[in-house]
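Below, each chain spelled out in residue letters.
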Amino acid sequence: MSKFTKIISSGSYLPEKILTNKELESIVDTTDEWITERTGIKERRVSSDDETSVDMAYQASIDAINKSGLKKDEIGAIFLATCTPERKFPSTAVLLQNRLNIKNAFSVDLNAACTGFVYALDIAKKYIESKQVKYALVVGTEKITSLLDWTDRNTCVLFGDGAGAMIVGSSDTAGILSSTIGSDGSYKDLLTVNTDLEYIEMKGSDVFKTAVNTLGQLAKHTLELNNLEQGQLDWLVPHQANERIILAIAKKISLSHDKIIITVNKHGNTSAASIPLAFDDANTKNTFKSGDYIMMEAFGAGFTWGSILLRF
Ligand code: UT7
């Protein structure tokens, strides 16, 4: 068994088109002030009509592969999180594998909604540690705006498109220290895609409360599991759904604001892409230092949830 799974590199892709809160004011009955105060979102990216989750995943993956210094064919597995696949089948992961022209890998999609990337990283970790795979490509990609009802102000102001990717491999010195995932399908109707119209429907305040409670407990549990005091955590890279949710969780573990990576203001909620996008945003600025303790945590439809603690 290898001791740890290490993040070797990260990459990201955001569509060109920026949709601001001001522009949304002319689409639905909302205001920049309401969206900013209740969510922290100022703008989000929207993919073009012909841009798919595979197209975005491809760009983010190339970015991560280039930064890793690896050759594409050294990648033994692709774990791709999405709830907006390009096709029902074959999987988005297989379509990405083909686009990348990677031959000696297996590829699979995971759908855990907004928690998808944490699930994908959890599974990659197991393959790396058991030495069944040497290097894996882990991707979160979403064309989530394709599931929006642009007449529903409760949902259409919240989401954005994008993709993030990581290359992971084994390390004897540092990497993922713990990974915890969970789900409870009895909450299936609080955040769902209407099967007739294919639009997102959400009981926002119920999701909000459960997210804060679940992730608050999970963050504390994750620190305890790793014998870390609250003050020892260097960075929180949370799922970016709502800045108020993020700050409420940080408060529960007494984490100061300057230790939280926040991108929800410019990305909105990009579902499974949000954590790798936030991670890469910080990583590109060399925010993380060797030895830093970093926690990622996410909550999504299902409900699903997960947290990962790593030593950078
Ligand atoms: O990523 C997966 C997990 N997803 C989440 O974590 C999202 C969780 N939920 C949330 O982030 C928040 O609940 C929302 C941002 C969706 C809503 O914020 P809230 O503070 O919980 O507001 P609310 O749902 O209680 O609604 C308050 C009011 C309502 O008006 P009334 O009924 O009080 O008159 C809404 O109709 O705000 C109204 N409202 C809006 N007003 C202007 C809802 N959306 C908008 C809008 N613009 N876009």
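In what follows, the accompanying structure is described. (Residues numbered from 1 in each chain as written. Predicted model: local features only at pLDDT ≥ 70, side-chain atom pairs only at ≥ 80, totals over all residues. Heavy atoms only, no water.)

## Things to note about helix α8 (residues 243-252)
Right, on to step 1. Within α8, burial applies to Ile245, Ile246, Ile249 and Ala250. The arc that holds the buried residues of α8, viewed along the axis, is 135°, so those residues lie on one side.
Right, on to step 2. In the core, the buried residues of α8 are packed alongside α7 (204-225), β11 (235-238) and β12 (293-300).
Right, on to step 3. The N-cap residue of α8 is asparagine 242: its side-chain oxygen and the backbone nitrogen of arginine 244 are 2.7 Å apart.
Right, on to step 4. At the C-terminal side of α8, serine 254 shows a positive phi close to 50°. (Buried < 20%, exposed > 50% of the residue type's maximum accessible area, 1.4 Å probe, protein only. Helix = DSSP H or I, 4+ residues; strand = E, 2+ residues; numbered from the N terminus. Arc of directions from axis to C-beta. Contact = heavy atoms within 4.5 Å. Polar contact = N/O pair within 3.5 Å; in protein donor to acceptor, adjacent residues only side chain to side chain.)

## Considering helix α2 (residues 32-39)
Structural remark: α-helix, 3.6 residues per turn; residues separated by three or four positions point the same way.
Right, on to step 1. By the burial criterion, the buried members of α2 are Asp32, Ile35 and Thr39. Buried residues along α2 cover an arc of 80° about the axis, so they all sit on one side. Across from the buried face of α2, at angles greater than 90 degrees, the exposed residues are Glu33 and Glu37.
Right, on to step 2. Residue glycine 40 follows α2 closely and has a positive phi angle near 85°.

## With respect to the site of the ligand
Right, on to step 1. For the ligand, the set of nearby residues contains 23 residues, the closest of which are Thr30, Arg38, His239, Asn242 and Asn269.
Right, on to step 2. In the environment of the ligand, a nitrogen atom lies 2.7 Å from a nitrogen or oxygen atom belonging to the side chain of threonine 30.
Right, on to step 3. One of the side-chain N or O atoms of asparagine 242 is found 2.7 Å from an oxygen atom in the ligand.
Right, on to step 4. Every element with two or more residues in the shell around the ligand is listed here: α2, α6 (153-156), α7 and α8.
Right, on to step 5. Among the elements that line the shell around the ligand, the one with the most residues is α7, at four residues.
Right, on to step 6. Residues that form the shell around the ligand fall into these classes: 11 nonpolar, eight polar and four charged.
Right, on to step 7. Each of domain 1 (4-171) and domain 2 (176-311) accounts for three or more of the residues forming the shell around the ligand. (Near = heavy atom within 4 Å. Nonpolar A, V, L, I, M, F, W, Y, C, P; charged D, E, K, R; others polar. Domains from an automatic or database assignment.)

## Quick notes on the sheet that holds strand β8 (residues 176-183)
Right, on to step 1. The strand order across the open sheet built from four strands is β8-β13-β12-β11, with neighbouring strands paired in mixed fashion. Two strands lie at the open edges of the sheet, namely β8 and β11, each paired on one side alone. In this sheet, adjacent strand axes meet at a mean angle of 10° when their direction is disregarded.
Right, on to step 2. Bridge count for β11 against β12 is four bridges, and the pairing is parallel. (Pairing = 2+ DSSP bridges. Axes fitted to C-alpha atoms, helices over the stretch in contact; angles between N-to-C directions.)

## Considerations on the packing of helix α3 (residues 53-68) against helix α4 (residues 92-100)
Right, on to step 1. The interhelical angle for the contact between α3 and α4, taken along N-to-C directions, is 55°, at an axis separation of 10 Å. Comparing the axis directions of α3 and α4 gives the class oblique. Here α3 runs over α4; the crossing is right-handed. Residues Ser53, Val54, Asp55, Ala57, Tyr58, Ser61, Ile62 and Ile65 of α3 form the contact with α4, whose participating residues are Thr92, Leu95, Leu96, Arg99 and Leu100. (Parallel < 35°, antiparallel > 145°, perpendicular 65-115°, else oblique. Left-handed = near helix turned anticlockwise from the far one by under 90°.)

## Describing the nonpolar core
Right, on to step 1. Counting 39 residues, the largest nonpolar core has Val157, Ile200, Leu233, Leu255 and Met295 as its most contacted members.
Right, on to step 2. Mapped by element, the contributors of at least two residues to this core are α7, α8 and β12.
Right, on to step 3. There are two domains that each give this core at least three residues, and those are domain 1 (4-171) and domain 2 (176-311).
Right, on to step 4. The contacts of methionine 295, once residues within four sequence positions are left out, are Ala219, Thr222, Leu223, Leu233, Trp235, Leu236, Val237, Ile308 and Leu309.
Right, on to step 5. Core analysis: the next-biggest nonpolar cluster, separate from the first, contains 31 residues, Ala120, Ala136, Val168 and Ala272 among them. (Core = buried A, V, L, I, M, F, W, Y, C linked by side-chain atoms within 4.5 Å.)

## A few points about the pattern of salt bridges
Right, on to step 1. Per the stated rule, a full pass over the model turns up 12 salt bridges.
Right, on to step 2. When the shortest N-O distance is used, the salt bridge between glutamate 129 and lysine 125 registers 3.5 Å. Residue glutamate 129 and its partner lysine 125 are both found in helix α5 (residues 116-129); the two are separated by four residues, about one turn of the helix. Like lysine 125, glutamate 129 is buried.
Right, on to step 3. Salt bridges here are not isolated pairs; linked through shared partners, they connect Asp63, Lys67 and Asp280. (Salt bridge = Lys/Arg side-chain N within 4 Å of Asp/Glu carboxyl O.)

## Considerations on the sheet that holds strand β5 (residues 106-110)
Right, on to step 1. Judged by pairing direction, the sheet is mixed, and its five strands sit side by side in the order β1-β7-β6-β4-β5 without closing on themselves. Edge positions in the open sheet fall to β1 (4-13) and β5, since each of these has one partner strand only. Averaged over all pairs of adjacent strands, the angle between their axes in this sheet comes to 20°, without regard to strand direction.
Right, on to step 2. As paired strands, strand β4 (residues 75-81) and β5 are joined by five bridges and run parallel to one another. Across the sheet, residue alanine 81 finds its bridge partner in β5, namely leucine 110.
Right, on to step 3. This element, helix α10 (residues 274-284), spans β1, β6 (135-142) and β7 (162-171) of the sheet and lies at about 90° to β1.

Any link to function would need more than the numbers given here.
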